[in-house]
Amino acid sequence: HEWIGRGVGSALMNAIEETAIQQGIKHIFVEVSITAKPFFNKCGFITLTQQTIERKGIFLTNYKMEKFI
């Protein structure tokens with residue numbers, strides 16, 4: 001949480017997209033948490049669906065998202 005808003009995530013996303021483009025990948029798919037969803041929206045991802053998953057007896061909401069580059 002100390003690094004939120006300092007550009008680390010954006011730098012990583014730029015590197016991922018640059019590598020994807022170099023490799024001819026045109027579609028990126030992610031599954032993200034509720035707290036990560038705004039960042040991915042800001043990066044141009046769209047939400048495909050909301051889902052609930054279970055991890056060690058705890059139910060969590062996350063989102064399937066995609067971006068065409």
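These remarks concern the structure in this document.

Thresholds applied
Residues numbered from 1 in each chain as written. Predicted model: local features only at pLDDT ≥ 70, side-chain atom pairs only at ≥ 80, totals over all residues. Heavy atoms only, no water. 1 Å grid on protein atoms, 1.4 Å probe; cavity = no way out; pocket = protein on both sides within 12 Å on 5 of 7 lines; lining within 4 Å. Points joined across faces, edges and corners; volume = space filled by probe spheres on them. Helix = DSSP H or I, 4+ residues; strand = E, 2+ residues; numbered from the N terminus. Nonpolar A, V, L, I, M, F, W, Y, C, P; charged D, E, K, R; others polar. Salt bridge = Lys/Arg side-chain N within 4 Å of Asp/Glu carboxyl O. Buried < 20%, exposed > 50% of the residue type's maximum accessible area, 1.4 Å probe, protein only. Pairing = 2+ DSSP bridges. Axes fitted to C-alpha atoms, helices over the stretch in contact; angles between N-to-C directions. Contact = heavy atoms within 4.5 Å. Polar contact = N/O pair within 3.5 Å; in protein donor to acceptor, adjacent residues only side chain to side chain.

## Some thoughts on the layout of surface pockets
Step number 1: The computed volume of the largest pocket comes to approximately 270 Å³.
Step number 2: Every residue along the wall of the largest pocket is listed here: W3, I4, G5, R6, G7, V8, G9, S10, T35, F39 and K42.
Step number 3: Tallying contributions element by element places helix α1 (residues 8–22) first for the lining of the largest pocket, with three residues.
Step number 4: The class makeup of the residues in the lining of the largest pocket is four nonpolar, five polar and two charged.

## Description of the pattern of salt bridges
A pair can form between side chains of opposite charge whenever their charged atoms are brought close.
Step number 1: This structure, assessed with the given rule, holds one salt bridge.
Step number 2: When the shortest N-O distance is used, the salt bridge between E17 and K67 registers 2.6 Å. Taken as a pair, E17 in helix α1 and K67 in strand β3 (residues 58–68) lie far apart in primary sequence, 50 residues in all. Taken individually, E17 and K67 each receive the classification buried, so the pair is uniform in this respect.

## Notes on the sheet that holds strand β1 (residues 27–33)
In a beta sheet, neighbouring strands pair by backbone hydrogen bonds and run either parallel or antiparallel.
Step number 1: The three strands lie next to each other as β1-β3-β2, forming an open sheet whose pairing is antiparallel. Because the sheet does not close on itself, it has two edges, and the strands there are β1 and β2 (46–55). Here the strands of the sheet are splayed against their neighbours by 25 degrees on average, with no regard to which way each runs.
Step number 2: Pairing analysis gives nine bridges linking β2 to β3, with the strands arranged antiparallel. Opposite T49, over in β3, you have K64 as the bridge partner.

## Examining the environment of E66
Step number 1: Along the chain, the position of E66 falls in strand β3.
Step number 2: The class for E66 is buried, based on a relative accessible area of 14%.
Step number 3: The spatial distance from the C-alpha of E66 to the C-alpha of T47 is 6.7 Å, given a sequence separation of 19 residues.
Step number 4: In this structure, E66 is in contact with H27, I28, F29, G44, F45, I46 and L48, ignoring residues within four places of it in sequence.
Step number 5: A polar contact is formed between the side chain of E66 and the side chain of H27, at a distance of 2.6 Å.

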